[in-house]
Amino acid sequence: MNLLLRLLINAAALWMAAKFIDGIRYTGTATGLLTLSLVFGVANAFIRPIIEFFSLPVLIITLGLFSMVLNAAMLLITSALATRLQIPFHVDGFGPAFIGALLVSVASTVLGWILIPSEKDDD
């Protein structure tokens, strides 16, 4: 259930980025948006750890701020994968990807706080 909720949260966050950020476009259906969210999740699960490993020195030097650049890169990678899978999602370049990644991060975090109950210890 948690996985499905995360998929819906990512779909909503990606839709918000496409709706409010110039340079990010999604012209498909709601079902396609769920597929896009799945592609985004898979890319973050499998590609992001590899990129983080190789950029670890830069992440340490910048005290983690470089992770925002990695978020933008993941949005660009998602756009490229979506194009190959014929999902109508496109990011025009790094600038829109960076701003879109910020929006996606904030939106998914806030929606996660609201929709996913926190597990509290009963100790």
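To be clear, the structure that these remarks concern was listed above.
Residues numbered from 1 in each chain as written. Predicted model: local features only at pLDDT ≥ 70, side-chain atom pairs only at ≥ 80, totals over all residues. Heavy atoms only, no water.

Novice: Quick question: what am I supposed to make of the overall build of the protein here?
Specialist: Of the regular secondary structure elements, the protein holds 6 helices and 2 strands. In the protein, the order of α-helices and β-strands from amino to carboxyl end is α-β-α-α-α-α-β-α. Whereas a compact globule of 123 residues would reach a radius of gyration of roughly 14 Å, the protein reaches 15 Å, a difference of no more than 12%. Principal-axis analysis of the C-alpha atoms gives the protein an extent of 50 × 35 × 25 Å. Taken across its 123 residues, the protein has 33% of its residues classed as buried. In the protein, the proportion of contacts linking residues at least 24 apart, taken out of those at least 6 apart, comes to 69%. When the accessible surface of the protein is split by element, carbon and sulfur atoms take 70% of a total near 7,900 Å². (Helix = DSSP H or I, 4+ residues; strand = E, 2+ residues; numbered from the N terminus. Rg over C-alpha atoms; globule rule 2.2 N^0.38 Å. Buried < 20%, exposed > 50% of the residue type's maximum accessible area, 1.4 Å probe, protein only. Contact = heavy atoms within 4.5 Å. Areas by Shrake-Rupley, 256 points an atom, 1.4 Å probe, with all protein chains shown as cover.)

Novice: Can you help me understand the environment of Met74 in this one?
Specialist: Structurally, the position occupied by Met74 is in helix α5 (residues 66-84). Exposure remark for Met74: the relative accessible area of 2% places this residue in the buried category. Sequence separation between Met74 and Ala101 is 27 residues; the distance between their C-alpha atoms is 8.2 Å. In contact with Met74, other than residues within four places in its own chain, are Ala43, Asn44, Ile47, Arg48 and Ile51.

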